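# Overview (structure and organization)
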Protein chains: 2
Amino acid sequence: MAFQTAPLETLIEQLERLPSIGHKSATRLAFHLLRASSEEANALVEAIVNAREQIRECTVCCNLADSEHCPVCAAEGRDRRTVCVVEEPQDVGAFERTREYHGLYHVLHGTISPMDGITPDKLRIRELLYRVANEDIAEVIMATNPTVEGEATAMYIAKLLAPFNIRVTRLAYGIPVGGDLEYADEITLRRSLEGRSDLT
Amino acid sequence: MAFQTAPLETLIEQLERLPSIGHKSATRLAFHLLRASSEEANALVEAIVNAREQIRECTVCCNLADSEHCPVCAAEGRDRRTVCVVEEPQDVGAFERTREYHGLYHVLHGTISPMDGITPDKLRIRELLYRVANEDIAEVIMATNPTVEGEATAMYIAKLLAPFNIRVTRLAYGIPVGGDLEYADEITLRRSLEGRSDLT
(Lines give C-alpha, C1' and ligand atoms only; values in the text may rest on other atoms or scores of the structure.)
Protein backbone atom coordinates (compact mmCIF):
# COMPACT_ATOMS: atom_id res chain seq x y z
CA MET A 1 0.00 0.00 0.00
CA ALA A 2 2.58 2.59 -1.08
CA PHE A 3 0.06 5.37 -1.54
CA GLN A 4 2.48 7.97 -0.22
CA THR A 5 5.56 9.25 -1.94
CA ALA A 6 8.81 7.55 -0.85
CA PRO A 7 10.58 10.59 0.71
CA LEU A 8 7.50 11.17 2.87
CA GLU A 9 7.35 7.50 3.94
CA THR A 10 11.03 7.70 4.88
CA LEU A 11 10.51 10.87 6.91
CA ILE A 12 7.57 9.31 8.78
CA GLU A 13 9.66 6.18 9.49
CA GLN A 14 12.53 8.24 10.88
CA LEU A 15 10.22 10.32 13.08
CA GLU A 16 8.62 7.13 14.41
CA ARG A 17 12.01 6.08 15.79
CA LEU A 18 11.88 8.99 18.25
CA PRO A 19 10.71 8.19 21.80
CA SER A 20 6.94 8.36 22.43
CA ILE A 21 6.22 9.28 18.80
CA GLY A 22 3.77 6.80 17.28
CA HIS A 23 2.71 6.47 13.67
CA LYS A 24 -0.03 9.12 13.83
CA SER A 25 2.20 11.68 15.58
CA ALA A 26 5.01 10.94 13.12
CA THR A 27 2.65 11.47 10.20
CA ARG A 28 1.41 14.77 11.63
CA LEU A 29 4.98 15.94 12.29
CA ALA A 30 6.07 14.91 8.79
CA PHE A 31 3.31 16.92 7.13
CA HIS A 32 4.11 19.85 9.38
CA LEU A 33 7.79 19.70 8.40
CA LEU A 34 6.84 19.58 4.72
CA ARG A 35 4.59 22.62 5.00
CA ALA A 36 6.88 24.58 7.32
CA SER A 37 8.82 27.58 6.03
CA SER A 38 12.41 26.98 4.88
CA GLU A 39 13.49 29.15 7.78
CA GLU A 40 11.77 26.90 10.33
CA ALA A 41 12.84 23.60 8.76
CA ASN A 42 16.45 24.73 8.38
CA ALA A 43 16.53 26.02 11.96
CA LEU A 44 15.49 22.58 13.24
CA VAL A 45 17.97 20.69 11.06
CA GLU A 46 20.78 23.04 12.06
CA ALA A 47 19.86 22.78 15.74
CA ILE A 48 20.16 18.98 15.58
CA VAL A 49 23.46 19.08 13.69
CA ASN A 50 24.95 21.86 15.86
CA ALA A 51 23.92 20.28 19.14
CA ARG A 52 25.53 16.98 18.14
CA GLU A 53 28.69 18.64 16.87
CA GLN A 54 29.22 21.18 19.63
CA ILE A 55 28.07 19.43 22.79
CA ARG A 56 30.65 17.53 24.80
CA GLU A 57 31.17 16.82 28.48
CA CYS A 58 32.31 19.43 31.00
CA THR A 59 35.89 18.60 32.03
CA VAL A 60 34.94 19.15 35.68
CA CYS A 61 31.50 17.65 36.26
CA CYS A 62 30.73 15.70 33.04
CA ASN A 63 27.54 17.76 32.51
CA LEU A 64 26.77 18.70 28.90
CA ALA A 65 28.87 21.67 27.74
CA ASP A 66 29.77 23.49 24.55
CA SER A 67 33.18 24.57 25.87
CA GLU A 68 35.58 23.27 28.52
CA HIS A 69 33.16 23.99 31.36
CA CYS A 70 29.39 23.58 31.56
CA PRO A 71 27.25 26.66 32.36
CA VAL A 72 27.05 25.70 36.05
CA CYS A 73 30.79 25.12 36.55
CA ALA A 74 31.54 28.30 34.58
CA ALA A 75 29.11 30.40 36.67
CA GLU A 76 30.40 32.70 39.41
CA GLY A 77 29.07 32.64 42.95
CA ARG A 78 28.41 28.90 43.19
CA ASP A 79 29.33 26.97 46.31
CA ARG A 80 32.25 24.94 44.96
CA ARG A 81 32.57 22.83 48.10
CA THR A 82 29.23 21.04 47.57
CA VAL A 83 28.76 18.52 44.77
CA CYS A 84 25.39 17.04 43.83
CA VAL A 85 25.78 13.69 42.05
CA VAL A 86 23.04 13.03 39.48
CA GLU A 87 22.38 10.32 36.92
CA GLU A 88 21.71 12.34 33.81
CA PRO A 89 22.31 15.88 32.45
CA GLN A 90 18.55 16.58 32.52
CA ASP A 91 18.59 16.10 36.32
CA VAL A 92 20.79 19.22 36.57
CA GLY A 93 17.93 21.19 35.06
CA ALA A 94 15.50 19.77 37.61
CA PHE A 95 17.67 21.00 40.51
CA GLU A 96 18.39 24.38 38.93
CA ARG A 97 14.66 24.99 38.61
CA THR A 98 14.29 24.73 42.41
CA ARG A 99 16.50 27.89 42.66
CA GLU A 100 17.49 26.43 46.00
CA TYR A 101 20.71 24.62 45.19
CA HIS A 102 23.84 26.68 44.67
CA GLY A 103 26.57 24.05 44.65
CA LEU A 104 28.09 22.19 41.72
CA TYR A 105 27.07 18.89 40.12
CA HIS A 106 28.57 15.66 38.98
CA VAL A 107 26.82 13.80 36.18
CA LEU A 108 27.29 10.02 36.19
CA HIS A 109 25.61 9.41 32.81
CA GLY A 110 23.70 6.41 34.06
CA THR A 111 23.42 4.06 37.03
CA ILE A 112 25.14 0.80 37.82
CA SER A 113 23.06 -1.93 36.20
CA PRO A 114 24.97 -5.18 35.62
CA MET A 115 21.91 -6.72 33.91
CA ASP A 116 22.25 -4.09 31.16
CA GLY A 117 26.03 -4.35 31.10
CA ILE A 118 26.48 -1.02 32.88
CA THR A 119 29.32 -1.67 35.29
CA PRO A 120 30.79 1.11 37.50
CA ASP A 121 33.62 1.75 35.02
CA LYS A 122 31.02 2.80 32.39
CA LEU A 123 29.95 5.73 34.59
CA ARG A 124 31.83 8.93 35.47
CA ILE A 125 32.73 7.64 38.96
CA ARG A 126 36.47 7.86 38.36
CA GLU A 127 36.07 11.55 37.55
CA LEU A 128 34.11 12.10 40.78
CA LEU A 129 36.81 10.44 42.89
CA TYR A 130 39.41 12.60 41.14
CA ARG A 131 37.47 15.74 42.06
CA VAL A 132 37.06 14.70 45.70
CA ALA A 133 40.77 13.84 45.91
CA ASN A 134 41.99 17.04 44.28
CA GLU A 135 39.42 19.74 45.05
CA ASP A 136 38.34 21.20 48.37
CA ILE A 137 34.98 19.46 48.61
CA ALA A 138 33.06 19.39 51.91
CA GLU A 139 29.91 17.52 50.93
CA VAL A 140 28.74 15.15 48.24
CA ILE A 141 24.96 14.86 47.88
CA MET A 142 23.89 11.59 46.27
CA ALA A 143 20.95 12.59 44.07
CA THR A 144 20.50 9.48 41.97
CA ASN A 145 16.92 8.39 41.27
CA PRO A 146 14.98 6.64 44.07
CA THR A 147 15.00 3.38 42.12
CA VAL A 148 16.78 0.11 42.82
CA GLU A 149 19.64 1.04 40.47
CA GLY A 150 19.81 4.62 41.77
CA GLU A 151 19.98 3.46 45.40
CA ALA A 152 22.62 0.83 44.63
CA THR A 153 24.72 3.37 42.76
CA ALA A 154 24.44 5.84 45.67
CA MET A 155 25.52 3.20 48.18
CA TYR A 156 28.38 2.06 45.95
CA ILE A 157 29.73 5.59 45.53
CA ALA A 158 29.22 6.39 49.24
CA LYS A 159 31.48 3.45 50.10
CA LEU A 160 34.16 4.67 47.71
CA LEU A 161 33.98 8.14 49.24
CA ALA A 162 34.18 6.94 52.86
CA PRO A 163 38.02 7.11 53.06
CA PHE A 164 37.98 10.82 52.12
CA ASN A 165 36.29 11.75 55.36
CA ILE A 166 33.82 14.22 53.86
CA ARG A 167 30.09 14.51 54.38
CA VAL A 168 28.15 12.20 52.03
CA THR A 169 24.40 12.75 52.05
CA ARG A 170 21.35 11.32 50.31
CA LEU A 171 18.23 13.18 49.21
CA ALA A 172 15.37 12.87 51.67
CA TYR A 173 12.53 10.55 50.78
CA GLY A 174 10.24 13.38 49.93
CA ILE A 175 10.76 12.14 46.42
CA PRO A 176 8.23 9.49 45.46
CA VAL A 177 9.92 6.07 45.34
CA GLY A 178 9.94 4.59 41.86
CA GLY A 179 9.61 8.01 40.22
CA ASP A 180 11.90 9.82 37.85
CA LEU A 181 13.83 12.91 39.03
CA GLU A 182 13.44 14.60 35.69
CA TYR A 183 9.70 14.98 36.24
CA ALA A 184 9.69 15.80 39.97
CA ASP A 185 8.02 19.10 40.85
CA GLU A 186 10.08 21.91 42.37
CA ILE A 187 8.51 21.77 45.85
CA THR A 188 9.12 18.04 46.26
CA LEU A 189 12.70 18.48 45.12
CA ARG A 190 13.21 21.43 47.50
CA ARG A 191 11.87 19.35 50.43
CA SER A 192 14.13 16.49 49.55
CA LEU A 193 17.13 18.85 49.44
CA GLU A 194 16.30 20.32 52.86
CA GLY A 195 15.79 16.90 54.46
CA ARG A 196 18.93 15.24 53.13
CA SER A 197 20.60 12.85 55.60
CA ASP A 198 24.08 11.43 56.17
CA LEU A 199 24.87 8.23 54.28
CA THR A 200 28.03 7.41 56.27
CA MET B 1 18.55 30.53 34.30
CA ALA B 2 20.85 29.37 31.50
CA PHE B 3 21.86 26.14 33.21
CA GLN B 4 21.89 24.26 29.92
CA THR B 5 24.39 24.65 27.16
CA ALA B 6 23.27 26.97 24.34
CA PRO B 7 23.16 24.40 21.48
CA LEU B 8 20.91 22.22 23.64
CA GLU B 9 18.61 25.14 24.53
CA THR B 10 18.36 25.97 20.83
CA LEU B 11 17.52 22.37 19.93
CA ILE B 12 14.79 22.23 22.60
CA GLU B 13 13.34 25.55 21.37
CA GLN B 14 13.21 24.31 17.78
CA LEU B 15 11.57 21.02 18.77
CA GLU B 16 8.98 22.94 20.81
CA ARG B 17 7.84 24.68 17.62
CA LEU B 18 6.55 21.34 16.29
CA PRO B 19 2.81 20.66 16.69
CA SER B 20 1.72 19.02 19.98
CA ILE B 21 5.30 18.94 21.32
CA GLY B 22 5.47 20.72 24.69
CA HIS B 23 8.55 21.69 26.68
CA LYS B 24 8.96 18.32 28.40
CA SER B 25 8.54 16.32 25.20
CA ALA B 26 10.96 18.66 23.42
CA THR B 27 13.52 18.19 26.19
CA ARG B 28 13.18 14.41 26.05
CA LEU B 29 13.49 14.41 22.26
CA ALA B 30 16.53 16.70 22.42
CA PHE B 31 18.38 14.42 24.85
CA HIS B 32 17.43 11.44 22.71
CA LEU B 33 18.82 13.11 19.59
CA LEU B 34 22.04 13.93 21.44
CA ARG B 35 22.50 10.37 22.60
CA ALA B 36 21.38 8.73 19.35
CA SER B 37 23.90 7.10 17.04
CA SER B 38 25.28 9.21 14.19
CA GLU B 39 23.51 6.83 11.84
CA GLU B 40 20.12 7.52 13.43
CA ALA B 41 20.59 11.28 13.73
CA ASN B 42 21.87 11.64 10.18
CA ALA B 43 19.01 9.52 8.83
CA LEU B 44 16.49 11.88 10.44
CA VAL B 45 18.21 15.04 9.23
CA GLU B 46 18.52 13.63 5.71
CA ALA B 47 14.89 12.50 5.72
CA ILE B 48 13.76 16.06 6.55
CA VAL B 49 16.04 17.66 3.94
CA ASN B 50 15.23 15.08 1.23
CA ALA B 51 11.48 15.23 1.80
CA ARG B 52 11.51 19.02 1.50
CA GLU B 53 13.72 18.99 -1.57
CA GLN B 54 12.10 16.13 -3.47
CA ILE B 55 8.42 16.42 -2.68
CA ARG B 56 6.26 18.47 -5.00
CA GLU B 57 2.66 18.30 -6.21
CA CYS B 58 1.40 15.68 -8.65
CA THR B 59 0.73 17.42 -11.98
CA VAL B 60 -2.62 15.60 -12.22
CA CYS B 61 -4.21 15.54 -8.76
CA CYS B 62 -2.01 17.90 -6.65
CA ASN B 63 -1.30 15.08 -4.16
CA LEU B 64 2.27 14.94 -2.84
CA ALA B 65 4.68 13.34 -5.31
CA ASP B 66 8.40 12.91 -5.86
CA SER B 67 8.07 12.78 -9.63
CA GLU B 68 5.54 14.08 -12.15
CA HIS B 69 2.78 11.80 -10.87
CA CYS B 70 1.87 10.77 -7.32
CA PRO B 71 1.85 7.02 -6.44
CA VAL B 72 -1.94 6.83 -6.94
CA CYS B 73 -2.01 8.56 -10.34
CA ALA B 74 1.03 6.48 -11.42
CA ALA B 75 -0.56 3.19 -10.35
CA GLU B 76 -2.11 0.88 -12.92
CA GLY B 77 -5.61 -0.51 -12.64
CA ARG B 78 -7.24 2.51 -10.98
CA ASP B 79 -10.65 3.71 -12.09
CA ARG B 80 -9.64 6.96 -13.82
CA ARG B 81 -13.24 8.12 -14.34
CA THR B 82 -13.89 8.66 -10.61
CA VAL B 83 -12.25 11.51 -8.69
CA CYS B 84 -12.44 11.88 -4.91
CA VAL B 85 -11.88 15.50 -3.85
CA VAL B 86 -10.16 15.81 -0.45
CA GLU B 87 -8.81 18.70 1.60
CA GLU B 88 -5.32 17.49 2.46
CA PRO B 89 -2.79 14.90 1.22
CA GLN B 90 -3.17 12.92 4.44
CA ASP B 91 -6.87 12.35 3.58
CA VAL B 92 -5.68 10.26 0.60
CA GLY B 93 -4.08 7.88 3.13
CA ALA B 94 -7.37 7.61 5.04
CA PHE B 95 -9.23 6.49 1.91
CA GLU B 96 -6.47 4.17 0.71
CA ARG B 97 -6.54 2.38 4.06
CA THR B 98 -10.19 1.43 3.44
CA ARG B 99 -8.94 -0.68 0.43
CA GLU B 100 -12.39 -0.01 -0.95
CA TYR B 101 -11.77 3.02 -3.15
CA HIS B 102 -10.09 2.44 -6.50
CA GLY B 103 -10.57 5.79 -8.23
CA LEU B 104 -8.25 8.79 -8.36
CA TYR B 105 -8.07 11.81 -6.03
CA HIS B 106 -7.87 15.56 -6.19
CA VAL B 107 -6.20 17.35 -3.30
CA LEU B 108 -7.42 20.91 -2.67
CA HIS B 109 -4.74 21.76 -0.07
CA GLY B 110 -7.23 23.45 2.26
CA THR B 111 -10.82 24.69 2.44
CA ILE B 112 -12.36 28.00 1.57
CA SER B 113 -12.11 30.15 4.69
CA PRO B 114 -12.35 33.89 3.96
CA MET B 115 -11.78 34.68 7.68
CA ASP B 116 -8.30 33.16 7.37
CA GLY B 117 -7.70 34.72 3.97
CA ILE B 118 -8.17 31.42 2.14
CA THR B 119 -10.17 32.37 -0.94
CA PRO B 120 -11.05 29.83 -3.68
CA ASP B 121 -8.07 30.91 -5.82
CA LYS B 122 -5.70 29.73 -3.04
CA LEU B 123 -6.94 26.13 -3.47
CA ARG B 124 -6.36 23.70 -6.35
CA ILE B 125 -9.91 24.25 -7.71
CA ARG B 126 -8.68 25.54 -11.09
CA GLU B 127 -6.72 22.28 -11.53
CA LEU B 128 -9.85 20.24 -10.76
CA LEU B 129 -11.93 22.12 -13.33
CA TYR B 130 -9.16 21.57 -15.89
CA ARG B 131 -9.27 17.83 -15.22
CA VAL B 132 -13.05 17.65 -15.52
CA ALA B 133 -12.93 19.66 -18.76
CA ASN B 134 -10.13 17.66 -20.37
CA GLU B 135 -10.37 14.13 -18.99
CA ASP B 136 -13.11 11.55 -19.28
CA ILE B 137 -14.50 11.84 -15.73
CA ALA B 138 -17.87 10.31 -14.81
CA GLU B 139 -18.13 11.15 -11.10
CA VAL B 140 -16.63 13.59 -8.62
CA ILE B 141 -17.03 12.61 -4.95
CA MET B 142 -16.83 15.59 -2.62
CA ALA B 143 -14.93 14.23 0.41
CA THR B 144 -14.12 17.43 2.27
CA ASN B 145 -14.50 17.33 6.05
CA PRO B 146 -18.02 17.57 7.56
CA THR B 147 -17.22 21.02 8.99
CA VAL B 148 -18.65 24.43 8.13
CA GLU B 149 -15.66 25.17 5.87
CA GLY B 150 -15.66 21.68 4.35
CA GLU B 151 -19.38 21.87 3.54
CA ALA B 152 -19.07 25.36 2.06
CA THR B 153 -16.15 24.26 -0.09
CA ALA B 154 -18.05 21.16 -1.30
CA MET B 155 -21.09 23.28 -2.22
CA TYR B 156 -18.94 25.90 -3.97
CA ILE B 157 -17.16 23.29 -6.11
CA ALA B 158 -20.40 21.40 -6.83
CA LYS B 159 -21.83 24.62 -8.33
CA LEU B 160 -18.75 25.10 -10.51
CA LEU B 161 -19.06 21.48 -11.73
CA ALA B 162 -22.79 21.70 -12.55
CA PRO B 163 -22.29 22.84 -16.20
CA PHE B 164 -20.14 19.76 -16.98
CA ASN B 165 -23.13 17.47 -16.54
CA ILE B 166 -21.30 14.75 -14.57
CA ARG B 167 -22.27 13.01 -11.34
CA VAL B 168 -21.22 15.02 -8.28
CA THR B 169 -21.71 13.19 -4.95
CA ARG B 170 -21.04 13.82 -1.26
CA LEU B 171 -19.93 11.32 1.42
CA ALA B 172 -22.81 9.91 3.51
CA TYR B 173 -23.39 11.45 6.93
CA GLY B 174 -24.27 9.21 9.82
CA ILE B 175 -23.30 7.54 13.04
CA PRO B 176 -19.68 6.38 13.13
CA VAL B 177 -19.26 2.59 13.16
CA GLY B 178 -18.44 1.39 16.67
CA GLY B 179 -19.73 4.61 18.17
CA ASP B 180 -22.35 5.00 20.88
CA LEU B 181 -25.76 6.40 19.92
CA GLU B 182 -26.07 7.97 23.37
CA TYR B 183 -23.24 10.35 22.58
CA ALA B 184 -24.12 11.10 18.97
CA ASP B 185 -25.00 14.77 18.40
CA GLU B 186 -28.47 15.74 17.14
CA ILE B 187 -27.33 16.86 13.72
CA THR B 188 -25.49 13.62 13.02
CA LEU B 189 -28.47 11.56 14.20
CA ARG B 190 -30.86 13.61 12.09
CA ARG B 191 -28.63 13.09 9.03
CA SER B 192 -28.37 9.34 9.68
CA LEU B 193 -32.18 9.15 9.89
CA GLU B 194 -32.58 11.06 6.64
CA GLY B 195 -30.06 8.82 4.91
CA ARG B 196 -31.46 5.54 6.25
CA SER B 197 -31.43 2.61 3.87
CA ASP B 198 -33.54 -0.54 3.51
CA LEU B 199 -32.27 -3.52 5.44
CA THR B 200 -34.34 -6.06 3.52
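The structure we're discussing is the one just above.
Residues numbered from 1 in each chain as written. Chains lettered and ligands numbered in written order. Predicted model: local features only at pLDDT ≥ 70, side-chain atom pairs only at ≥ 80, totals over all residues. Heavy atoms only, no water.

### Notes on the sheet that holds strand β3 (residues 79–86) of chain B
Residue and element names in this part refer to chain B. Read from one edge of the open sheet, four strands run β4-β3-β5-β6, paired in parallel fashion. Every interior strand has two partners, whereas the edge strands, β4 (103–107) and β6 (167–170), have only one. Strand after strand, the sheet turns through a mean of 25 degrees between neighbouring axes, direction not considered. Where strand β5 (residues 139–142) lies against β6, four bridges are found, and the strand directions are parallel. Paired with Glu139 across the strands is Arg167, a residue of β6. In the packing of helix α6 (residues 125–134) onto the sheet, contacts are made with β3, β4 and β5, and the angle to β4 comes to roughly 150 degrees. Each of β5 and β6 touches helix α7 (residues 148–161); the most contacted strand, β6, lies at about 170 degrees to it. (Pairing = 2+ DSSP bridges. Helix = DSSP H or I, 4+ residues; strand = E, 2+ residues; numbered from the N terminus. Axes fitted to C-alpha atoms, helices over the stretch in contact; angles between N-to-C directions. Contact = heavy atoms within 4.5 Å.)

### Considering the side chain of His106(A)
Residues and elements named next belong to chain A. Within the secondary structure, His106 is located in strand β4 (residues 103–107). The buried category is assigned to His106, whose relative accessible area is 0%. At 3.4 Å, the side chain of His106 and the backbone nitrogen of Leu128 are in polar contact. With residues near it in sequence (within four places) discarded, His106 still touches Val60, Cys61, Cys62, Val83, Cys84, Val85, Val86, Arg124, Glu127, Leu128 and Arg131. (Buried < 20%, exposed > 50% of the residue type's maximum accessible area, 1.4 Å probe, protein only. Polar contact = N/O pair within 3.5 Å; in protein donor to acceptor, adjacent residues only side chain to side chain.)

### Examining the nonpolar core
Membership of the largest hydrophobic core comes to 38 residues, with the highest contact counts inside it found for Leu8(A), Leu11(A), Leu15(A), Leu8(B), Leu11(B) and Leu15(B). Among the secondary structure elements, those contributing two or more residues to this core are α1 (6–16), α2 (23–35) and α3 (38–54) of chain A together with α1 (6–16), α2 (23–35) and α3 (38–54) of chain B. Setting aside residues up to four positions removed in sequence, Leu11(A) forms contacts with Ala30(A), Leu33(A), Ala47(B), Ile48(B) and Ala51(B). Ala65(A), Cys70(A), Val72(A) and Leu171(A) belong to the second-largest nonpolar core, a separate cluster that totals 23 residues. (Core = buried A, V, L, I, M, F, W, Y, C linked by side-chain atoms within 4.5 Å.)

### Some thoughts on the interface of chain B and chain A
Residue-level contacts link 56 residues of chain B with 56 residues of chain A. Across the chain B to chain A interface the summed buried area is about 4900 Å²; carbon plus sulfur atoms make up 68%. Interface area lost by chain B to chain A is led by Phe3(B), Ile48(B) and Arg52(B), which between them contribute 14%. Where Glu39(A) meets Arg17(B), a salt bridge forms, and the shortest distance between an N and an O atom there is 3.7 Å. Where chain B packs against chain A, one counts twelve residue pairs in polar contact (both at pLDDT 80 or more). Among the elements of the structure, α1, α2, α3, β2 (64–65), α4 (71–74) and α5 (89–98) of chain B are those that each provide at least two residues to the side of chain B that touches chain A. (Buried area = accessible area lost by both parts, 1.4 Å probe. Salt bridge = Lys/Arg side-chain N within 4 Å of Asp/Glu carboxyl O.)

### Observations concerning the packing of helix α6 (residues 125–134) of chain A against helix α7 (residues 148–161) of chain A
In a pair of packed helices, the angle between the axes and the distance between the axes together describe the arrangement. All names here are of chain A. α7 packs onto α6 with a crossing angle of 35 degrees between their chain directions and a minimal axis gap of 11 Å. Relative to α7, α6 is oriented so that their crossing is right-handed. Residues Ile125, Leu128, Leu129 and Val132 of α6 lie in contact with α7, whose contacting residues are Tyr156, Ile157, Leu160 and Leu161. Taken together, the residues that form the contact of α6 with α7 break down as eight nonpolar, no polar and no charged. (Left-handed = near helix turned anticlockwise from the far one by under 90°. Nonpolar A, V, L, I, M, F, W, Y, C, P; charged D, E, K, R; others polar.)

### Comments concerning the packing of aromatic side chains
Evaluated as defined, the whole model comprises six aromatic pairs over all chains. Measuring from centroid to centroid gives 6.3 Å for Phe95(A) and Tyr105(A), while their planes differ by 50 degrees, and the two rings are tilted. Of this pair, Phe95(A) sits in helix α5 (residues 89–96) while Tyr105(A) sits in strand β4, and the two are ten residues apart along the sequence. The exposure classification of Phe95(A) matches that of Tyr105(A), with both residues buried. Between the NZ or CZ atom of Arg191(B) and the centre of the ring of Tyr173(B), over which it lies, the distance is 4.4 Å. (Phe/Tyr/Trp six-rings, centres within 6.5 Å; stacked < 30°, edge-to-face > 60°. Lys NZ or Arg CZ within 6 Å of the ring centre and 35° of its normal.)

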